[in-house]
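Report on the structure
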Amino acid sequence: METAWLALQILALLFVCMIGIAMAIAVVMFIRDRRQTEDAIRRNYPVIGRFRHLFTELGEFFRQYFFAMDREELPFNRAQRDWVRRAADGRGNTVAFGSTRNITAPGTPLFINAAFPPLDQQAAKTEPMVIGPTAREPYIAKSFFNLSGMSYGAISKPAIQALSRGCREAGIWMNTGEGGLSEYHLEGGCDLVYQIGTAKFGVRDIAGNLSEEKLREMAARPEIKMFELKLAQGAKPGKGGILPAAKITPEIAKIRGLRPGEDGISPNRHAEASNVDELLDLIARLREVSGKPVGIKTVGGHADAFRELFDRINARGEACAPDFITLDGGEGGTGAAPMPLIDLVGMSIREALPLVSGLRDAAGLKGRIRLIASGKLVNPGDVAWALAAGADFVVSARGFMFSLGCIQALKCNKNTCPTGITTHDPRFQKGLVVEDKWHKVARYAQGIVSEVEIIAHSVGCTEPRQMRRRHVRLVQPDGTSIPMNELFPRPEPESRIAAQ
């Protein structure tokens, strides 16, 4: 009895002490809030005003769980993320009781089912496609769906390891991003596309210029199948890459040729390419030195820029053409970027892809230049739409981030990613278990391919690359839909126009 009474007295004393400490802290905070001058809310409402900042910080997390409907969030809604999660887990993606998607929203693609689709035994797997037939070492790409560029530095070591292994298992390529090649990219043994950004990380000399010697060293690696010259990306068209200093470890600094503690900033364009002819010269130089296919990555802008590109290729000869064009949409972007560029600069992939594919085909370059679509294409319907609109391949970055466990915390640029994907803090990285996640990466890619094939079969095609614009209708503001080939008619081939 005495022991119990003593315990109660101790607990009561602790409670009183805690109340006293809390009151003392509140008094200190009250005085500091009254005296500070930078925050009017805290100055006028001491202590209580601090909760506004707390609720603002937590609001983005609570909204996605309690307040937003399945199809409401941006940049990706719950329905999109859940599809990726179920596919990555290897679970069925069937749903019941009808779609939660508003199919009357303007711009919604509706695939037109065939009256007599091919039987299951008539369906075919997508054939591999050759990229860079004129290169000394052309690349035979097995899958139409692949991994877009994410640099080691922008994402973590375990993320790179899991992606590398998963890509090998799924038979897809992995783009290194502009941050250079690390041993973790090579670890899984997958096919690699080496991205050369404007800072030329990994293939530059001390002055930051292109080093042909280092380029040859990279090209000699059998895992590297192609080189992608990055002109622009969806997150920040017209601005170079940004890697915050907080995310630059000594290892990353060594790979990129940076000094630890300084932001990694890339120029806004390649110094060697100030016009179309200089760009084509640079592409030819890269292909000659490497012996492998070379393409460009850019964002849809003015149609005249692409017309000029294709005109100059035809004038100079197809040998000077890029082997592929990766077309990113203004809605793309895993990287850190100023909000005005993320929000306002660059054409959407939904508009740019039909435009550029039409211009390429009209120039007679469809068989020479492969078109790769990128920009918020993470679900089967997105990928099927892109193939029907004219893409030969589709790549995704954020879709694969979701397969790794990304929860869209929007902390990619702060080194505090809670899932360990975009941080180099060991505390957070330990949550990303490579041995588990690489299976999810592979299953996600395989799930995309499988369900795109289902869509293709439903519209009457035996395999996805047979889909055309006529197989898709786009919903208009009045709720009706119009075939995509009527909204985006393909331009007449140049040879036919000249003959008229």
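Report follows, based on the coordinates. (Residues numbered from 1 in each chain as written. Predicted model: local features only at pLDDT ≥ 70, side-chain atom pairs only at ≥ 80, totals over all residues. Heavy atoms only, no water.)

On to the packing of aromatic side chains. Given two aromatic rings, one states the distance between the centres and the angle between the planes to describe the pair. In total, this model carries 7 aromatic pairs according to the counting rule given. Plain terms: the ring middles of Phe 145 and Tyr 444 are 5.8 Å apart, the flat faces sit at 80° to each other, and that makes the pair edge-to-face. Of this pair, Phe 145 sits in strand β4 (residues 145–147) while Tyr 444 sits in helix α16 (residues 434–458); the two residues are 299 residues apart in sequence, bridging distant segments of the chain. Judged by its relative accessible area of 0%, Tyr 444 falls in the buried class. With a centroid separation of 5.0 Å and 80° between ring planes, the pair formed by Phe 400 and Tyr 444 is classed as edge-to-face. Of the two residues, Phe 400 sits in helix α14 (residues 398–403) while Tyr 444 sits in helix α16, which places them 44 residues apart along the sequence. Given a relative accessible area of 0%, Phe 400 falls into the buried group. Taken together, the ring pairs connect Tyr 139, Trp 173 and Phe 393 into an aromatic cluster. The aromatic ring of Trp 385 is capped on one face by Arg 350, whose charged end is 4.6 Å from the ring centroid. (Phe/Tyr/Trp six-rings, centres within 6.5 Å; stacked < 30°, edge-to-face > 60°. Helix = DSSP H or I, 4+ residues; strand = E, 2+ residues; numbered from the N terminus. Buried < 20%, exposed > 50% of the residue type's maximum accessible area, 1.4 Å probe, protein only. Lys NZ or Arg CZ within 6 Å of the ring centre and 35° of its normal.)

This brings us to the sheet that holds strand β15 (residues 481–483). In spatial order, the strands read β1-β14-β15; together these 3 strands make up an open sheet with antiparallel pairing. With partners counted over all chains shown, the strands left at the sheet margins are β1 (109–111) and β15, one partner each. The sheet shows a mean angle of 35° between the axes of neighbouring strands, direction not considered. Relative to β15, strand β14 (residues 472–475) is paired through 3 bridges, and the arrangement is antiparallel. Bridge pairing links Leu 474 to Ile 482 in β15. (Pairing = 2+ DSSP bridges. Axes fitted to C-alpha atoms, helices over the stretch in contact; angles between N-to-C directions.)

Across the 6 residues that make up strand β6 (residues 191–196), a large majority, 6, are buried. Of the two faces of β6, the one holding Asp 191, Val 193 and Gln 195 and the one holding Leu 192, Tyr 194 and Ile 196 are both buried throughout. Sheet topology places β6 next to strand β7 (residues 224–230); 5 bridges connect them, and they run parallel. Considered in β7, the bridge of Tyr 194 is made with Phe 227. One crossover worth recording links β6 to the parallel β7 by way of helix α7 (residues 212–219), and it is right-handed. (Right-handed = clockwise from strand over helix to strand, strands pointing away.)

For the rest of this paragraph, the subject is the pattern of salt bridges. Enumeration over the complete set of coordinates arrives at 22 salt bridges. Put simply, Lys 200 and Glu 272 hold a salt bridge, and the shortest N to O gap is 3.1 Å. Of this pair, Lys 200 sits in the loop between β6 and α7 while Glu 272 sits in the loop between β9 (264–265) and α9 (276–290), placing them 72 residues apart in sequence. Residue Glu 272 is classed as partly exposed on the basis of its relative accessible area of 26%. A salt bridge links Asp 392 to Arg 360; the shortest N-O distance between them is 2.9 Å. Here Asp 392, found in the loop between α13 (380–389) and β13 (393–396), pairs with Arg 360, found in helix α12 (residues 349–362); they are 32 residues apart in sequence, far enough to count as distant. Grouping residues by exposure puts Asp 392 and Arg 360 together as buried. (Salt bridge = Lys/Arg side-chain N within 4 Å of Asp/Glu carboxyl O.)

What follows deals with the pairing of strand β12 (residues 370–374). For β12, the buried fraction is high: 5 of the 5 residues fall into the buried class. Here β12 shows a buried face lined by Arg 370, Ile 372 and Ser 374 and a second buried face lined by Leu 371 and Ala 373. Bridge analysis of strand β11 (residues 324–328) against β12 gives 5 bridges, and the strand direction is parallel. Note that in β12 the partner of Thr 326 across the bridge is Ile 372.

Relative to the helices and strands, His 471 resides in the loop between α16 and β14. Within the structure, the side chain of His 471 is placed 2.9 Å from the backbone nitrogen of Arg 468, a separation counted as a polar contact. Aside from chain neighbours lying at most four places away, what touches His 471 is Leu 110, Phe 111, Ile 112, Val 459, Cys 461 and Gln 466. (Polar contact = N/O pair within 3.5 Å; in protein donor to acceptor, adjacent residues only side chain to side chain. Contact = heavy atoms within 4.5 Å.)

In terms of nonpolar packing, the biggest core is built from 105 residues, with Phe 145, Phe 310, Leu 353 and Met 467 touching the most fellow members. Top contributing element to this core by residue count: α16, with 10 residues. If we ignore the near neighbours within four places in the chain, the residues touching Phe 145 are Ile 172, Leu 377, Val 383, Val 394, Ser 396, Phe 400, Tyr 444, Ala 445, Ile 448 and Val 449. Among the nonpolar cores identified, the runner-up in size contains 11 residues, and Ala 141, Val 193, Met 226 and Phe 393 belong to it. (Core = buried A, V, L, I, M, F, W, Y, C linked by side-chain atoms within 4.5 Å.)

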